[in-house]
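One-letter residues, chain by chain:
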Amino acid sequence: QVQLVESGGGLVQPGGSLRLSCAASGSIFSINAVGWYRQAPGKQRELVAQITRGGELNYADSVKGRFTISRDYAKNMVYLQMNSLKPEDTANYYCYADVSLNPLYSLDAWGQGTLVTVSS
């Protein structure tokens, strides 16, 4: 069983910053990819940022230059630093991890979501 728990969401003014955290627990053989999705009301969930196996970084065009994904291996944490926030960034943000529990079995783990609201 793999669990992800997000934190760090809240209300912030346009131009402000937030840092989202994702704590991972459970038995993990390997991590294939880890990242963040977001979903606004009435819209599809979209990929915001991810790190693939091998360290490749991918960002949505809308957040390039403003958001940074990072990992703390010692603490089993994943972070999303969000700078220069815009109202259109308002959404529930979800941590995800594509993990292998053993060499033959993999799954996608999801956090419960944390709400980010960008408004004056």
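Relevant structure appears above.
The rules behind the values
Residues numbered from 1 in each chain as written. Predicted model: local features only at pLDDT ≥ 70, side-chain atom pairs only at ≥ 80, totals over all residues. Heavy atoms only, no water. Helix = DSSP H or I, 4+ residues; strand = E, 2+ residues; numbered from the N terminus. Rg over C-alpha atoms; globule rule 2.2 N^0.38 Å. Buried < 20%, exposed > 50% of the residue type's maximum accessible area, 1.4 Å probe, protein only. Contact = heavy atoms within 4.5 Å. Areas by Shrake-Rupley, 256 points an atom, 1.4 Å probe, with all protein chains shown as cover. Disulfide = S-S within 2.5 Å. Pairing = 2+ DSSP bridges. Axes fitted to C-alpha atoms, helices over the stretch in contact; angles between N-to-C directions.

(A) Representation of the overall build of the protein within the structure. When helices and strands are tallied, the protein shows 0 helices and 11 strands. Walking the protein from its N terminus toward its C terminus, one meets helices and strands in the order β-β-β-β-β-β-β-β-β-β-β. Since a compact globule built from 120 residues should have a radius of gyration of about 14 Å, the 14 Å found for the protein is in line with a globular shape. Burial status across the protein gives 39% buried among its 120 residues. Excluding contacts between residues fewer than 6 apart, the proportion of contacts in the protein whose partners are at least 24 apart in sequence is 56%. With an accessible surface of roughly 6,600 Å², the protein has 48% of that area assigned to carbon and sulfur atoms.

(B) Representation of the state of the cysteines within the structure. For the coordinates displayed, the defined rule picks out 1 disulfide. Note that C22 is cross-linked by a disulfide to C95, the S-S spacing being 2.1 Å. Residues C22 and C95 share a disulfide whose torsion about the S-S bond is about -80°; that sign makes it left-handed. With C22 in strand β3 (residues 18-26) and C95 in strand β9 (residues 91-102), this residue pair connects regions lying 73 residues apart in the sequence. For the residue pair C22 and C95, the accessibility class agrees, reading buried in each case.

(C) Region of interest: the sheet that holds β3. Here 4 strands make up an open sheet; going across it, the order is β1-β3-β8-β7 and the pairing antiparallel. One side of each edge strand has no neighbouring strand; the edge strands of this open sheet are β1 (2-7) and β7 (67-72). Each strand axis lies, on average, 15° off the axis of its neighbour in the sheet, ignoring direction. As defined by bridge partners, β3 adjoins strand β8 (residues 77-82) across 6 bridges and the pair is classed as antiparallel. By the bridge assignment for β8, A23 is matched with M77.

Note that every value here comes from positions in space, so none of it alone points to a role or purpose.
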